[in-house]
Every structure is written in C-alpha cells, then in structure tokens.
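# Observations on chain architecture
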Amino acid sequence: MKKILTFFASLLLAIAASAQDSQNSQVWWGYVGSDADVTGLGVSAAETYDCASFIPGTHDVASGKSILSVRFMMLSSNVKNVKVWVSETLPTTIDSDAEQVVNVPNVASGLNEVSLPTPYQISSKGVYVGYTFTVTSLATTDDYYPIACAGQSQQNALWLRTSASVTSWGDFYETDFGCLYLQMLLEGEFAYRNAAVFASSSLGESVAVVGGTSSITASVSNKGVEPVTSIDYVLSGDVQEHRALLPSPVAFGSVGTVSISTAAGSEPGTESRTVTITKVNGVANELSAEATYSQATVSRLAPHPFVVEEYTGTTCGWCPRGMVGMEKMRKTFGDDFVGIAIHRYARSTVQDAMYIKDYTQVTFSGAPSCRINRGSVIDPYYGSDSDVLDDCRAALSVPAKVAV
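First, a word on scope: everything that follows refers to the structure included in this document. Note that the structure is a prediction, hence the values are computed from the model and not measured. (Residues numbered from 1 in each chain as written. Predicted model: local features only at pLDDT ≥ 70, side-chain atom pairs only at ≥ 80, totals over all residues. Heavy atoms only, no water.)

A separate point is the overall build of the protein chain. Helix and strand content of the protein chain: 5 helices and 26 strands. Overall size of the protein chain, expressed as C-alpha extent along the three principal axes, is 85 × 65 × 30 Å. Per-residue burial for the protein chain yields a buried fraction of 44% across its 404 residues. Considering only intrachain contacts with a sequence separation of at least 6, the fraction spanning at least 24 residues in the protein chain is 73%. When the accessible surface of the protein chain is totalled, it reaches about 20,700 Å², and 51% of it is carbon and sulfur. The positive charge centre, built from 25 side chains, and the negative charge centre, built from 39, are 1 Å apart in the protein chain. (Helix = DSSP H or I, 4+ residues; strand = E, 2+ residues; numbered from the N terminus. Buried < 20%, exposed > 50% of the residue type's maximum accessible area, 1.4 Å probe, protein only. Contact = heavy atoms within 4.5 Å. Areas by Shrake-Rupley, 256 points an atom, 1.4 Å probe, with all protein chains shown as cover. Lys, Arg positive; Asp, Glu negative; His and termini not counted. Charge placed at Lys NZ, Arg CZ, Asp CG, Glu CD.)

Written as structure tokens, this is what we have:
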C-alpha cells in the first residue's frame, strides 16, 4: 500500500509540475506586430547607427519575463559591424557598456533573428534592447534610410543615435516616425492564452436591404499567447453565436481583420448595435470585448459612385504620377468615377495658373496624394498598397444609402 501511495504522490507531483510548465510560454513581442508595414528612416549618410527600444520594468506584458532572442529588420545590404545588444542603461560605448553583445557576421537584408548567449531577465529597472550597424556606402535608397520603422509612434519605442549626425541618444516618439521594427522572444507566465479585443470601439457602418444581410470588417487584436484563428461573436438583440475565421493566424500582440455578418432591420432606418467577442479559437474569450457599429437598413440597393479628390500642382515634380493614376481610374470606372484635381501644391496663381485658394476643406500631407470619398490619404497611383484601383473597387462595394 505504501508503494502504491508513493507512486500516486509522484504522479500528482509530475502532473502539477507539467501544469506549471504549461503556464510558462514563449511569445514574440514588440512595440509593433510582425505583420506591420515597414518604412525606412535615416540621415542619408554612411554612418554608424545605434537603435533601441526601452522596456520599462513595470511593462504590462514584458515585466519579469526573460528575453531569449531578438528579431530586427535590416533594410540596407551595404552594412558591416552588425551587433545585437541588451543594456540596463543607454550605453555610451556598446561593446564595453552593454551587458550582452552579440556580433552578427552574416546579416541578411530583411528579417534577422539572433539568440542571446544567456536568457536576460527584465528587472524592475527595465532594459534597452537594440542593434548597431555601420552603413558602408550609399548605393540604394535603403542605404540612405536603413532603419526599419512601423506603426504609430510610442514612447520608448524608437531610441536612436548615429556616429556623426545625431551624436546623442534620443527618444524620437514625438517625431511621428513610428516604432523601431524590433521584437523580443519573451519567456515567462502570461496573463492570457485565448484572448482578443477589438482594435477600435467603433466598427463603422453596415448597409443592407430590408430582410437581407451584409457584413462589416473589424480589426481584432490578439492579447493571448495562442495565435487567433477564429472568433465567435453575438450581435445585440440576438442570442445566437456566429463564428468568423481569420484569413491567417494573428500572433500575440498583432492585429488582424475579420468579416462579421450583420442583419438588416425590419424596416428602413439606422440603429446602433453592439457586437461582442464571446470565444477565441473555440474557447471562452478571457477578456471582455465589445464594439459598436451602425446598421443602416434600406429599401433597395443603389449604385455608389466614388469621388477622388487629388492634391496636385504643376510645379510638383512627382505629380505626373497622380495624373496617370487619375486617368487610369477614369478609364476603368467611367461614370462611377468623379475626379477632382485640387491645385494647391503651389501657393499662388503666379506659380501655378490652376491654383485654387478656396478649396481648403480637405487636408493632405503631400503631393501627389488623394482621398476617396474623403477617406484616408493615399497615393493616387499606388493607392493604400500597390494599386489605387483596388481602393476604388473597395469604395464601389460599399452600398449607397440614398439614391437620386
């Protein structure tokens, strides 16, 4: 009997140890997700760049975790002396001041992953995690702007210094350059496994014919260590759960989009509704997640032409690209396309005979650029990604609520 009890006691201890280990997870984390769109930043000179992100010791995700590896994006192919490092304070000299320094002799143009010699546990003082490299020549645009940035600017996410142009460390979160494309493989106990929330509290508007259905696109942020492959949701006034599959798994800390089916009302009109995420990956959502949307119910669907307001000017050397884009839209969509060229790149009719001073209701960040139906500012040729025609088709797919 004693041997049997001893066996069961050992078994229970093994099960308990296994359960404890299962809470110890490894996830990639950074101020930007791995799927974020990257832009280049630099000083247009062949210099040494020191780049870092700071993780406060009280950070809600990383506090108390151990850093196993570092992942960074190298845009330039003309570099040398590439190093990854971690330091409790901003190092004056990387090799002597940083607590761990790893030389990267075979750096690739693109994503690089480097393991630390020993796991680095983040203390209450926090840690700077960074990489250093020297640009050897200015042969391509990426050599001029070799630092990979992404997402919206955040404090502590973009610490920079160069050997000649910017000789002192600075946190560039107020410059609107975005965050340094840098991620850490963290190990430790995380609060959630299957958890997701809406990236925005408002999902916009859904339009459907009486008795019909439509859909609305929602951005979902993964807060759990398990990649999100599906969500279950309920709509206000309905107890039935609906399942939506993500086009591709959404990693921890990243955002993905999902299509949510909606139902029209019983008569024409507009009402505010709520959608709640009840399950993630088929199990109960570990976080509360609600968002609102406007449900417009119409008696019939009507064609929805789109208006493109383009910011341009005859003194703009890049604006012929916008002219080609506007012509491409006209030829493709005909009467469904309404194009307006706003000549405000110059500041007077002396510089541009087609300058218009009174068209000031729409703002733009540079030329050439445009807005479709007064949406986001995009390129009039490339659009929001690679082809403005894709943005036009998306605008045409939105049903109109009113017909003349």
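Right, picking up where we left off after that structure.
A regular strand carries its side chains on alternate faces of the sheet. A large share of strand 4 (residues 66-74) lies buried, amounting to 9 of its 9 residues. Pairing between strand 4 and strand 13 (residues 182-189): 6 bridges, direction antiparallel. Each residue of the ladder has a partner; that of serine 69, found in strand 13, is leucine 185. (Pairing = 2+ DSSP bridges.)

For any two aromatic rings, the description comes down to two numbers: the centre-to-centre distance and the angle of the planes. A complete count under the given rule lists 13 aromatic pairs for this structure. Ring centres of phenylalanine 190 and phenylalanine 252 lie 5.7 Å apart, and the angle between their planes is 70°; this geometry places the pair in the edge-to-face category. Of this pair, phenylalanine 190 sits in the loop between strand 13 and strand 14 (196-198) while phenylalanine 252 sits in the loop between strand 18 (242-250) and strand 19 (255-263); the two residues are 62 residues apart in sequence, bridging distant segments of the chain. The class of phenylalanine 190 is buried, set by a relative accessible area of 11%. Judged by relative accessible area, which is 12%, phenylalanine 252 ranks as buried. (Phe/Tyr/Trp six-rings, centres within 6.5 Å; stacked < 30°, edge-to-face > 60°.)

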